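A structural walkthrough
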Amino acid sequence: MNLLIPDLWLREYIKTKATPTQIKEYLSLCGPSVERIHTEGKETMYDVEVTSNRPDSMSIFGIAREAAAILPRFGIAAKLINDPYQDTPEVKDLHTSGVSKKQLAIKTDFALNPRWTSVVIDNVTVKDSPEWLKKKLELTGIRSLNNVIDITNYLMRSYGQPAHAFDYDEIRNHTMILRAAKKGEQLTTLDGKIHTLPGGDIVIEDGSGRLIDLCGIMGAKNSSIKNTTKTVVLFLQTYGPLQIRKTSMTLAHRTEAATLFEKGIDSELVLPALARGIGLMEELTGGKIASKLYDFYKHPFKPYTVSVKRLKLDDYIGKRLADRE
């Protein structure tokens, strides 16, 4: 996967005096390959190739994390900043929020959807994004559409965590059921394409049985954000990689979200990204949280310990490092 990354955006996640040329050289030696540096207007841009086995690096934060680990090996100080994995007050507030003006009835399948998070945001004004957001997205190859959709794309580009926004009032009975599709079911995606599903695809239906999302690939047109939308469901999640890959290839419908989900992304990143998305929704749309946090996560990640002989490590690395290193 290739990423276009503005130097200014990269430095929102890493504090270093390294020059763009040094970042290009040392990243390419040890991690993701920076194929070239070029300028767009006054912005320095990195053209980065990330190998398919590193979905954790398929974002601006992911590249910054690599740089923060690599640059000090070459004597250049670097510190990771604005790390979404650090438990922020915003994440804690989500768990304790008692707001429930708007409700959703949700049913999911953990075999298809390891983690589901969503929240309803009311009194939203859909309009053009501010120039700073338009500029960031367009520099990285994403067309600006409106403030709500741009926020979801901002989260995907920043963290490698796809996000989706539904029009709450278009979800009949305010019910969302995630399930495997039946062979022959149809839905029309946001780009106007009508898809006949082979079966086993991950979909969401609403309370009337309409399919409103081709999960992990593209949302359905019938629940899309419009200029008149006033209430939004902000939805972040993870899916079974095999199902996403199979559906995307069978339908010949390739999207950046599918490229990420089929690699298997980190369920622990979902909630911090949602918290950031809510903050942006409040800031850029004027909306306010109108529901509780819906967070379905049956098998949370548990840290584990690996034991290995020191001699084996030295053999694999090809060099003896100090124990602390």
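Here we summarise the structure given alongside this text.

Considerations on the sheet that holds strand β1 (residues 2-6)
As summarised here, the arrangement of the three strands in space is β1-β4-β3, forming an open sheet in which the pairing is antiparallel. Looking at strand neighbours, the two that pair on one side only are β1 and β3 (33-40), the edges of this open sheet. Across the sheet, the axes of successive neighbouring strands diverge by a mean angle of 25°, strand direction being ignored. In the packing of helix α2 (residues 20-30) onto the sheet, the strands contacted are β3 and β4 (43-49), and the crossing angle to β3 comes to about 160°. With respect to the sheet, helix α5 (residues 131-139) is in contact with β1, β3 and β4, its orientation differing from that of β4 by roughly 40°.

What about the sheet that holds strand β9 (residues 175-180)?
With mixed pairing, five strands are arranged side by side in an open sheet as β6-β9-β12-β13-β14. Each end of this open sheet is capped by a strand with a single partner; those strands are β6 (105-107) and β14 (218-219). For β6 and β9, the ladder comprises three bridges, and the chain directions are parallel. Looking at the pairing, Ala105 lines up with Thr175 of β9.

So, a nonpolar patch on the surface
A surface patch of nonpolar side chains, amounting to about 430 Å² of accessible area, comprises Val308, Leu313, Tyr316 and Ile317. With respect to the helices and strands, the residue Ile317 is situated in helix α10 (residues 310-317).

Structural notes on the nonpolar core
The nonpolar side chains of soluble globular proteins are, as a tendency, buried together. Formed by 90 residues in total, the largest nonpolar core has its most connected members in Leu10, Ile204 and Leu274. It is helix α9 (residues 270-285) that contributes the most residues to this core, nine residues altogether. With near-sequence residues (within four places) excluded, Ile204 lies in contact with Trp116, Phe166, Met176, Ile177, Leu178, Arg210, Leu211, Ile212, Asp213, Cys215 and Phe235.

A word on the pattern of salt bridges
Inspection of the entire model under this criterion finds 22 salt bridges. Ionic pairing is found between Arg11 and Asp7, a salt bridge with its closest N-O pair at 2.8 Å. Relative accessible area serves as the criterion here: at 23%, Arg11 is assigned to the partly exposed category. Given the relative accessible area of 12%, Asp7 is considered buried. Salt-bridge contacts for Arg54 lead to Asp56; the nearest nitrogen and oxygen are separated by 2.8 Å. The network of salt bridges with shared partners includes Arg245, Arg254, Glu262 and Lys263.

Quick notes on the packing of aromatic side chains
Evaluated as defined, the whole model comprises 10 aromatic pairs. Members of the aromatic cluster, each reached through a chain of ring pairs, are Tyr13, Phe61, Tyr85 and Tyr159.

A short note on the packing of helix α6 (residues 147-159) against α9
Viewed as axis vectors pointing N to C, α6 and α9 meet at an angle of 145°, and their least axial separation amounts to 10 Å. By crossing handedness, the relation of α6 to α9 is classed as right-handed. Contact residues: α6 offers Asn147, Val148, Ile151, Tyr154, Leu155 and Tyr159, while α9 offers Ala273, Arg276, Gly277, Leu280, Met281, Leu284 and Thr285. A per-class count over the contact of α6 with α9 returns nine nonpolar, three polar and one charged.

Conventions adopted
Residues numbered from 1 in each chain as written. Predicted model: local features only at pLDDT ≥ 70, side-chain atom pairs only at ≥ 80, totals over all residues. Heavy atoms only, no water. Pairing = 2+ DSSP bridges. Helix = DSSP H or I, 4+ residues; strand = E, 2+ residues; numbered from the N terminus. Axes fitted to C-alpha atoms, helices over the stretch in contact; angles between N-to-C directions. Contact = heavy atoms within 4.5 Å. Patch = residues over 30% accessible without salt bridge, like charges linked within 9 Å, V, L, I, M, F, W, Y side chains within 5 Å. Areas by Shrake-Rupley, 256 points an atom, 1.4 Å probe, with all protein chains shown as cover. Salt bridge = Lys/Arg side-chain N within 4 Å of Asp/Glu carboxyl O. Core = buried A, V, L, I, M, F, W, Y, C linked by side-chain atoms within 4.5 Å. Buried < 20%, exposed > 50% of the residue type's maximum accessible area, 1.4 Å probe, protein only. Phe/Tyr/Trp six-rings, centres within 6.5 Å; stacked < 30°, edge-to-face > 60°. Left-handed = near helix turned anticlockwise from the far one by under 90°. Nonpolar A, V, L, I, M, F, W, Y, C, P; charged D, E, K, R; others polar.

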